[in-house]
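Listed below, chain by chain, are the residues.
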Amino acid sequence: MIQSFWFFGSYLTILADRTTTGGQYDLIEGYFPPGSQNPPHRHTRYLEQLYVLEGEFTIWAGENKLVLSTGESFLIPVGTPHVVAAIGDRPAHGLVVAAPSAFARLIAAVGTQNKTEIPDMALFDRVSAEIGDEILGPPGTLPSAATKT
């Protein structure tokens, strides 16, 4: 069953999760409004592959900063601090593969049906810890390794 949620400013649709992939991966389609950016974080138990369907994503991953355009993809290895942003005045549209499956569980638990509804942060913290996600700073900051000159 395909489910869609607002998740901290982005609209995410779970196309496949542990129930349809045997736990091997999650496939998530995301629409990111202009200027949206997730907080610096890392996944300690799964990798993340981002594929750009439309627009551009700026990614800070470890010591790398790159801009991905339509048709490009990037693999974020397990344990890599990263930020994904839709910088500029255009939205970005992409696909995320998380393997093994975990990220869709967080989206389904914490995501909301209403864009303005505030997520349950205690639940976010609990499920993030259960799946091995670590938040490394507040939204708007970058991984410290990426800011080295």
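Our subject is the structure listed above.
Bear in mind that the values here come from a model prediction, so they are computed numbers and not experimental data.

*Asks:* Can you walk me through the sheet that holds strand S5 (residues 47-54) in this structure?
*Replies:* In a beta sheet, neighbouring strands are held together by backbone hydrogen bonds and run either parallel or antiparallel to one another. Strand order across the open sheet formed by 6 strands is S1-S2-S3-S10-S5-S8, with antiparallel pairing between neighbours. Lying at the two open borders of the sheet, with one neighbouring strand each, are strand S1 (3-7) and strand S8 (73-76). The mean angle between the axes of side-by-side strands here comes to 25 degrees, regardless of whether they run parallel or antiparallel. Packed onto the sheet, helix H2 (residues 103-110) meets S1, strand S2 (10-16), strand S3 (26-32) and strand S10 (92-99) and runs at close to 75 degrees relative to S1.

*Asks:* What is the right way to look at the pairing of strand S7 (residues 64-69) in this model?
*Replies:* Residues in a regular strand project their side chains so that they alternate between the two faces of the sheet. Where strand S6 (residues 56-61) and S7 come together, 6 bridges link them in antiparallel fashion. Residue Ala 61 lies in a different strand from S7, and its bridge partner there is Asn 64.

*Asks:* Hey, could you run me through the packing of aromatic side chains in this one?
*Replies:* Describing an aromatic ring pair means giving the distance of the ring centres and the angle of the ring planes. Under the criterion given, the structure shown has 6 aromatic pairs. For the ring pair Trp 6 and Tyr 11, a centre distance of 4.9 Å and an interplane angle of 55 degrees mean the geometry is tilted. Connected via pairs of aromatic rings, a cluster forms that spans Phe 7, Phe 8, Phe 103 and Phe 124.

*Asks:* Even after reading the chapter, I still don't get the pattern of salt bridges, so can you show me in this structure?
*Replies:* Oppositely charged side chains are able to pair whenever their charged atoms sit close together. Under the criterion given, the structure shown has 3 salt bridges. Two residues, Arg 42 and Glu 134, come together in a salt bridge whose shortest N-O distance is 2.5 Å. Of this pair, Arg 42 sits in strand S4 (residues 41-43) while Glu 134 sits in strand S11 (residues 133-135), and the two are 92 residues apart along the sequence. A residue is classified by how much of its surface remains accessible, and Glu 134, at 33% relative accessible area, is partly exposed. Here Arg 105 ties to Glu 130 by a salt bridge, and the two come within 2.2 Å at their closest N and O atoms. Placement of the pair is Arg 105 in helix H2 and Glu 130 in helix H3 (residues 121-131), with a sequence separation of 25 residues. The exposure class of Glu 130 is partly exposed, given its relative accessible area of 34%.

*Asks:* Sorry if this is basic, but what is going on with unusual backbone geometry here?
*Replies:* As a rule of thumb, non-glycine residues mostly have phi less than zero, and peptide bonds are mostly trans rather than cis. With omega at -5 degrees, the peptide bond leading from Ala 99 into Pro 100 counts as cis. Here Pro 100 shows up in the loop between S10 and H2. Non-glycine residue Phe 8 carries a positive phi angle of around 50 degrees. Residue Phe 8 is classed as partly exposed on the basis of its relative accessible area of 42%.

About the thresholds
- Residues numbered from 1 in each chain as written.
- Predicted model: local features only at pLDDT ≥ 70, side-chain atom pairs only at ≥ 80, totals over all residues.
- Heavy atoms only, no water.
- Pairing = 2+ DSSP bridges.
- Helix = DSSP H or I, 4+ residues; strand = E, 2+ residues; numbered from the N terminus.
- Axes fitted to C-alpha atoms, helices over the stretch in contact; angles between N-to-C directions.
- Contact = heavy atoms within 4.5 Å.
- Phe/Tyr/Trp six-rings, centres within 6.5 Å; stacked < 30°, edge-to-face > 60°.
- Salt bridge = Lys/Arg side-chain N within 4 Å of Asp/Glu carboxyl O.
- Buried < 20%, exposed > 50% of the residue type's maximum accessible area, 1.4 Å probe, protein only.

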